[in-house]
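Coordinate inspection notes
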Number of protein chains: 2
Amino acid sequence: MAKGFDELISKVNSCSVKTVSVAVAQDAPVLEAVKAAKERNIANAILVGDEDKIREIAATIDMDLSDYQIIDEKDPEQAALKAVELVHNGTADMYMKGLIDTKSFLKSVLNKEVGLRNNRPLSHVCVFEIEGINKLLFLTDVAFMTYPTLEDKVHIIENTVEICNACGIDMPKVAPLAAVEVVNPKMPVTVEAAELTKMCEEGKIKGCIVDGPLSMDLAICPEAAAHKGAEGRKIVGDADILLFPDIHAGNLVYKTLVHTAKVKNGNIITGTKAPVILTSRSDDFETKVNSIALGSVVAEAMKNK
Amino acid sequence: MAKGFDELISKVNSCSVKTVSVAVAQDAPVLEAVKAAKERNIANAILVGDEDKIREIAATIDMDLSDYQIIDEKDPEQAALKAVELVHNGTADMYMKGLIDTKSFLKSVLNKEVGLRNNRPLSHVCVFEIEGINKLLFLTDVAFMTYPTLEDKVHIIENTVEICNACGIDMPKVAPLAAVEVVNPKMPVTVEAAELTKMCEEGKIKGCIVDGPLSMDLAICPEAAAHKGAEGRKIVGDADILLFPDIHAGNLVYKTLVHTAKVKNGNIITGTKAPVILTSRSDDFETKVNSIALGSVVAEAMKNK
């Protein structure tokens, strides 16, 4: 079980090296991350996009392109389709966004002929290593699903359990979060959290332990859980998956962590046939590299399934 | 302008010492905080409650009760009414919860004859000093108003501006937070944030600068604001007041900060005639003392108004 990104990367290094297919690769921060991923033995890459521009950027960041396959395609949407097809047909193991808008990128992911659609809704997982917390935390959904319904939340849990499994966590603990840890009919989020808990007890959600509603302290802080009294609870400050009520709560916590705590993190889109890496402009270099490492771990798990 | 709790406490020390009236004072953690507040010249206290029990606890924490006025009242609801009346009639400057449930405590706050009702809705402010951020942040509402309407949010802003003013911030910057920094009709929170911004521009909300919707990074991180491009924005990582979409988002961020970042914080209820301190069981000792300091600063500002 990986407790941090160093362990996750060791895990990657012990497997066969995976390949990431980059859509519209003429993006300096993405190429820098791809270069570091290769140097650290995390992943190889196939670069699909405008070859002239890719070579121009590579020269400025001291990146030796003889190590990479380049597919020259100047049209961004065509480049995305070519790049995603490489994953679809097994030439590459995961798919990564370059200099293309998110909407067009996702359109290629969902393309019926060459995409990575899996008949499940997509969701976003943000994996955090936080100083003072002795395990990885899987935050979802902080970027993709806006106002998930109960049914959506079941899919989000299933998607995220798959990512946990890939990271060596066999039976993750899922905390449906709220402001309070008791059901309050005036707070629908708490009612849904209790329903998810019941569904898991009845075997309708498998492969994990769900216990909600939970406040953040009871989910991530064993001392707080002990102090408040946690009899009958299945999660006592030791949650793996933090399931947020909606995108606002999730995104605000996510950015609070990035900007105020000591963290390492990586992001991945799941619910697809292969890992999809959609880092944002505001993600720093290490986050991009960590996201590729996360993708490699998930790709390896999918291969062995 | 206080940038942290040390400065806030210096500010308190330079004013006449205030008095806190404690409802149902036979509560060890509350008495410890009251004792520290006196020792640090932050506030005196009048202890209303079961005198025998108060003396018993005082003996175990080495607290010299000859420094305090004690009013013996064994019935909790009666004790609360007597304690709040001391603030109502000006004998004490602020009101603090002891060993009484929150509902009964608030009932005394809202009592028509002896309470502190001000014809405004109550709201909760949590003041944070966060390592790496060079100003105090005022989070609201993380504990009290569950799903504030647009009108409620106007009141919350007005209540919180008063607390900022007391801390020396004359024209606070208010960030109505969301997952994104652009209006999206599918996300009602962003629409309301834009409405609040417009209301402030039109002078319907006074004494502050409102700029929303804002994501957390644009609200608190100047580098992120510069990186993303912040032309035309009035807040560029320098917000004072963080206005949350609802209690879930607010409370989850609040507890994330407490459990993962290096922080000092204090809480206060506002919208009342005098500061009300309602610390929770899970607040640590320093948070309780900081809350009393915050109450003293606000009481001083109210006196001079």
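Here the structure is shown first, and the text comes after it.
The model shown is predicted, which means the values in this text are computed figures rather than measured ones.

A closer look at the overall build of chain A
- In terms of regular secondary structure, chain A is built from 11 helices and 11 strands.
- Taking 2.2 N^0.38 as the reference for a compact globule, 305 residues should give roughly 19 Å; the C-alpha atoms of chain A span a radius of gyration of 19 Å, in line with that estimate.
- Split into buried and exposed, the 305 residues of chain A put 59% on the buried side.
- In chain A, the share of contacts with a sequence separation of at least 24, taken over all contacts with a separation of at least 6, comes to 71%.
- Between the mean site of the 34 positive side-chain charges and the mean site of the 44 negative ones, chain A shows a separation of 3 Å.

Digging into the side chain of Asp27(B)
Residue and element names in this part refer to chain B.
- As for its position among the elements, Asp27 is in the loop between β1 (18-23) and α2 (28-39).
- We note that Asp27 is buried and unpaired, the nearest opposite charge coming from Lys288 at a distance of 6.2 Å.
- Excluding residues within four positions of it along the chain, Asp27 makes contact with Ile57, Gly98 and Leu99.

Points about the pattern of salt bridges
- Throughout the structure, instances matching the rule amount to 40 salt bridges over all chains.
- One continuous salt-bridge network, built from bridges that share partners, spans Glu181(A), Asp217(A), Lys228(A) and Lys255(B).

Remarks on the interface of chain B and chain A
- Taken together, the contact between chain B and chain A spans 38 residues of the former and 38 residues of the latter.
- Buried area between chain B and chain A, summed over both chains or domains, comes out near 3000 Å², and the portion from carbon and sulfur atoms is 68%.
- Across the chain B-chain A interface, the total number found is two salt bridges.
- Among the salt bridges present, the one from Lys255(A) reaches Asp217(B), with a minimum N-O distance of 3.9 Å.
- There are two residue pairs in polar contact (both at pLDDT 80 or more) connecting chain B and chain A.
- Contributing elements (two or more residues each) for the side of chain B that touches chain A: α7 (188-201), α8 (216-220), α9 (222-228) and α10 (247-260) of chain B.
- Sort the elements by how many residues they give to the side of chain B that touches chain A and α10(B) lands first, with 11 residues.
- When the residues that make up the side of chain B that touches chain A are grouped by side-chain class, the tally is 21 nonpolar, nine polar and eight charged.

Focus on the relation of the copies chain B and chain A
- Least-squares fitting of chain B to chain A yields an RMSD of 0.0 Å, with the transformation described by 0.0 Å of translation along the axis and a rotation of 180 degrees. The superposition of one copy onto the other is thereby described by a two-fold rotation axis.
- Interface overlap between copies is the fraction of interface residues in one copy that are interface residues in the other; for chain B against chain A it reaches 100%, indicating a shared surface.

Quick word on the packing of aromatic side chains
All names here are of chain A.
- What the rule picks out here adds up to four aromatic pairs over all chains.
- Ring plane angle 20 degrees and centroid distance 4.6 Å describe the contact between Tyr95 and Phe105, whose orientation is recorded as stacked. With a gap of 10 residues between them, Tyr95 in strand β4 (residues 94-97) and Phe105 in helix α5 (residues 102-109) connect regions that are remote in the sequence.
- Consider the rings of Phe128 and Tyr254, whose centres lie 5.9 Å apart with planes at 65 degrees: the pair is edge-to-face. Linking Phe128 in strand β5 (residues 123-130) with Tyr254 in helix α10 (residues 247-260), this pair joins segments that are 126 residues apart in sequence. Each member of the pair, Phe128 as well as Tyr254, carries the same accessibility label: buried.
- Taking the ring centre of Tyr68 as reference, the NZ or CZ of Lys38 above it sits at 5.7 Å.

Some details on α10(B)
Residue and element names in this part refer to chain B.
- Between its terminal C-alpha atoms α10 stretches 19 Å, which fits the 20 Å expected from 14 residues at 1.5 Å a residue.
- Burial analysis of α10 places 12 of its 14 residues in the buried class, which makes it a mostly covered element.
- Those residues of α10 that sit buried are Ile247, His248, Ala249, Gly250, Asn251, Leu252, Val253, Tyr254, Lys255, Thr256, Leu257 and Thr260.
- A distance of 3.0 Å separates the backbone nitrogen of His248 from a side-chain oxygen at the start of α10, and that oxygen is part of Asp246.

Some remarks on the nonpolar core
- The biggest cluster of nonpolar side chains holds 59 residues, and the ones touching the most others in it are Val34(A), Ile42(A), Leu47(A), Met63(A), Phe138(A), Ile157(A) and Ile292(A).
- For Ile157(A), the contacting residues outside a window of four places in its chain are Val174(A), Leu196(A), Ile205(A), Cys208(A), Val210(A) and Leu243(A).
- Counting 58 residues, the second largest nonpolar core, distinct from the first, contains Ile157(B), Ile169(B), Val174(B) and Leu294(B).

A word on the packing of helix α6 (residues 150-166) of chain A against helix α7 (residues 188-201) of chain A
Residue and element names in this part refer to chain A.
- Between α6 and α7, whose axes approach to 11 Å, the crossing angle comes to 55 degrees. Judged on the interaxial angle alone, α7 and α6 are oblique. Crossing hand, α6 versus α7: right-handed. In this structure, α6 contributes Leu150, Lys153, Val154 and Ile157 to the contact, and α7 contributes Glu192, Glu195, Leu196 and Met199.

Quick word on unusual backbone geometry
- Note the cis peptide between Gly212(A) and Pro213(A), where omega equals 0 degrees.
- By the element assignment, Pro213(A) lies in the loop between β8 (209-210) and α8 (216-220).
- The amide bond that connects Thr140(B) to the next residue, Asp141(B), takes the cis arrangement and shows omega of -5 degrees.
- With respect to the element layout, Asp141(B) can be found in the loop between β6 (137-140) and α6 (150-166).
- Its identity as a non-glycine residue notwithstanding, Asn41(A) has a phi of 65 degrees, on the positive side.

Here's the deal with the pairing of strand β5 (residues 123-130) of chain B
Residue and element names in this part refer to chain B.
- Taking burial as the measure, the eight residues of β5 include seven buried ones, the bulk of the element.
- Sheet analysis places β5 next to strand β10 (residues 263-270), joined by eight bridges and oriented antiparallel. When the bridges of β10 are listed, Phe128 appears paired with Asn265.
- The turn joining β5 and β6, which pair antiparallel and follow one another in sequence, is formed by six residues; a positive phi near 100 degrees is taken by Gly132.

Side note on the packing of α10(A) against α10(B)
- As a packed pair, α10(A) and α10(B) sit with axes 9 Å apart at the nearest point and diverge in direction by 20 degrees. In terms of orientation, α10(A) lies roughly parallel with respect to α10(B). In terms of crossing hand, the pair formed by α10(A) and α10(B) is right-handed. Residue-level inspection shows Ala249(A), Leu252(A), Val253(A), Thr256(A), Leu257(A) and Thr260(A) of α10(A) in contact with α10(B), the latter providing Ala249(B), Leu252(B), Val253(B), Thr256(B), Leu257(B) and Thr260(B).

Brief notes about the pairing of strand β6 (residues 137-140) of chain A
All names here are of chain A.
- Neither face of β6 is left uncovered, since the one carrying Leu137 and Leu139 and the one carrying Phe138 and Thr140 both have all their residues buried.
- Direction of pairing for β6 relative to strand β9 (residues 241-243): parallel, over a ladder of three bridges. Paired with Phe138 across the strands is Ile241, a residue of β9.

Some remarks on the environment of Met1(B)
All names here are of chain B.
- Of note, Met1 is situated in the segment before α1 (5-13).
- Judged by relative accessible area, Met1 falls into the exposed class, the value being 53%.
- Residues Met1 and Lys135, 134 residues apart in the sequence, show an inter-C-alpha distance of 8.8 Å.
- If near-sequence neighbours (up to four positions away) are discounted, Met1 is found in contact with Glu7, Cys167, Gly168 and Ile169.

Scoring rules and cut-offs
In this convention, every chain numbers its residues from 1, walking through the sequence in written order. Whichever chain is written first is A, and whichever ligand is written first is 1; the rest continue in order. Predicted model: local features are reported for residues with pLDDT of at least 70 only, side-chain atom pairs are reported and counted for 80 or more only, and whole-chain, interface and lining totals are derived from all residues. The basis for every side-chain value is the complete set of heavy atoms in the structure, and neither hydrogens nor water enter the calculation. Strands here are runs of E lasting at least two residues and helices are runs of H or I lasting at least four, both read from the DSSP assignment and numbered beginning at the N terminus. Atoms considered for the radius of gyration are the C-alpha atoms alone. The globule rule reads 2.2 Å times the number of residues to the power 0.38. Three labels apply to residues, based on accessible area from a 1.4 Å probe with only protein chains included: buried if under 20% of the type maximum, exposed if over 50%, partly exposed otherwise in between. By the convention used here, residues are in contact when the closest approach between their heavy atoms is within 4.5 Å. We count Lys and Arg on the positive side and Asp and Glu on the negative side, and we leave His and both chain ends out. Charge placement uses NZ in Lys and CZ in Arg. For Asp and Glu, CG and CD serve respectively. A pairing counts as a salt bridge when a side-chain nitrogen of Lys or Arg comes within 4 Å of a carboxyl oxygen of Asp or Glu. Two parts lose some accessible area (1.4 Å probe) when they are put together, and adding that loss for both gives the buried area. N or O atoms closer than or at 3.5 Å make up a polar contact, with two conditions inside protein: a donor-capable atom paired with an acceptor-capable one, and, for residues adjacent in sequence, both atoms drawn from side chains. Side-chain classes follow a simple rule in which Ala, Val, Leu, Ile, Met, Phe, Trp, Tyr, Cys and Pro form the nonpolar group, Asp, Glu, Lys and Arg form the charged group, and the remainder, Gly included, forms the polar group. To superpose the copies, least squares is applied to the C-alpha atoms of every residue with a pLDDT of at least 70 in both. Ring pairs shown here join Phe, Tyr and Trp side chains whose ring centres sit within 6.5 Å, with only the six-membered ring taken for Trp; geometry is labelled stacked below 30 degrees between planes, edge-to-face above 60, and tilted in between. Over a ring means this: the NZ of a Lys or the CZ of an Arg is within 6 Å of the ring centre and within 35 degrees of the ring normal. Given the number of residues in a helix, its expected span is that number minus one, multiplied by 1.5 Å. To qualify as a nonpolar core, a set must consist of buried Ala, Val, Leu, Ile, Met, Phe, Trp, Tyr and Cys residues joined through side-chain atoms within 4.5 Å. For helices, the axis comes from a line fit to the C-alpha atoms of the stretch in contact; other axes are also lines fit to C-alpha atoms, and the angle between any two N-to-C directions lies between 0 and 180 degrees. Roughly parallel here means an angle under 35 degrees, roughly antiparallel means over 145, roughly perpendicular means 65 to 115, and every remaining angle is called oblique. Each crossing is labelled by how the near helix is turned from the far one, with a counterclockwise turn of less than a right angle marking it left-handed and a clockwise turn marking it right-handed. A pair of strands counts as paired when DSSP detects no fewer than two bridges linking them.

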